[in-house]
Amino acid sequence: MKGKLSWAVFWALVGVFIVIVSVFFIPVFGDLLRGSLLFLTPFAVFFLLGIALIVLTVKEKVGGRLKKFLLLTGASSAGFFLFVLLHNVFYGLGIMTSHITILSRSMDVLNVAFFIIAIVVCPIAFLVGVVGSIVLAIKKPRMAK
């Protein structure tokens, strides 16, 4: 199977995504990590694994639709952290420029746009990439028979 290392990183990403979702939606996990620096660890790992998946997918020369789905998975996981960071940067800039109306409003628009991308678009894109990659991985061996 071509791209074995890509698949290992892919499944690690899926596992970390499950941990992140658990932290937000299962109170026991959320209470365990809330208020500590460990809360950020799954997000950092998610970001780094996303970048690793992008690099490995390109380096291992995975082709066709599978390449697109793996790249979507990696880009959305890396993009989540990036867009959360940009949301916070523009929120801070909006506060700093609150006395300049037009600039403050522009920062607010960017703040909200990056928040929506991080919280809505990236997780949906991640799930589309994961489901598409799994479907193609299951479909490919059956087609070879």
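Small disclaimer: the values here were computed from a predicted structure and weren't measured.

### Considering the overall build of the chain
Phase 1 of the analysis: Helix and strand content of the chain: five helices and zero strands.
Phase 2 of the analysis: Beginning at the N terminus, the succession of helices and strands in the chain can be written as α-α-α-α-α.
Phase 3 of the analysis: Overall, the C-alpha framework of the chain stretches about 65 × 35 × 20 Å when taken along its three principal axes.
Phase 4 of the analysis: Of all 145 residues assigned to the chain, the portion counted as buried reaches 34%.

### Concerning the side chain of S77
Phase 1 of the analysis: Considering the arrangement of structural elements, one finds S77 in helix 4 (residues 64-96).
Phase 2 of the analysis: Take S77: its relative accessible area is 1%, and that puts it in the buried class.
Phase 3 of the analysis: Residues in contact with S77, not counting those within four places in the same chain, are L13, F46, F47, G50 and F126.

### As for helix 3 (residues 41-59)
Phase 1 of the analysis: The first and last C-alpha atoms of helix 3 sit 27 Å apart over 19 residues, in line with the 27 Å expected at 1.5 Å per residue.
Phase 2 of the analysis: All of the buried residues along helix 3 are P42, F43, F46, L49, G50, L53, L56 and T57. Looking straight down helix 3, one finds its buried side chains confined to an arc of 150°; they lie on one side. With respect to the buried face of helix 3, the exposed residues turned more than 90 degrees away are L48 and K59.

What counts and what doesn't
- Residues numbered from 1 in each chain as written.
- Predicted model: local features only at pLDDT ≥ 70, side-chain atom pairs only at ≥ 80, totals over all residues.
- Heavy atoms only, no water.
- Helix = DSSP H or I, 4+ residues; strand = E, 2+ residues; numbered from the N terminus.
- Buried < 20%, exposed > 50% of the residue type's maximum accessible area, 1.4 Å probe, protein only.
- Contact = heavy atoms within 4.5 Å.
- Expected span 1.5 Å × (residues − 1).
- Arc of directions from axis to C-beta.

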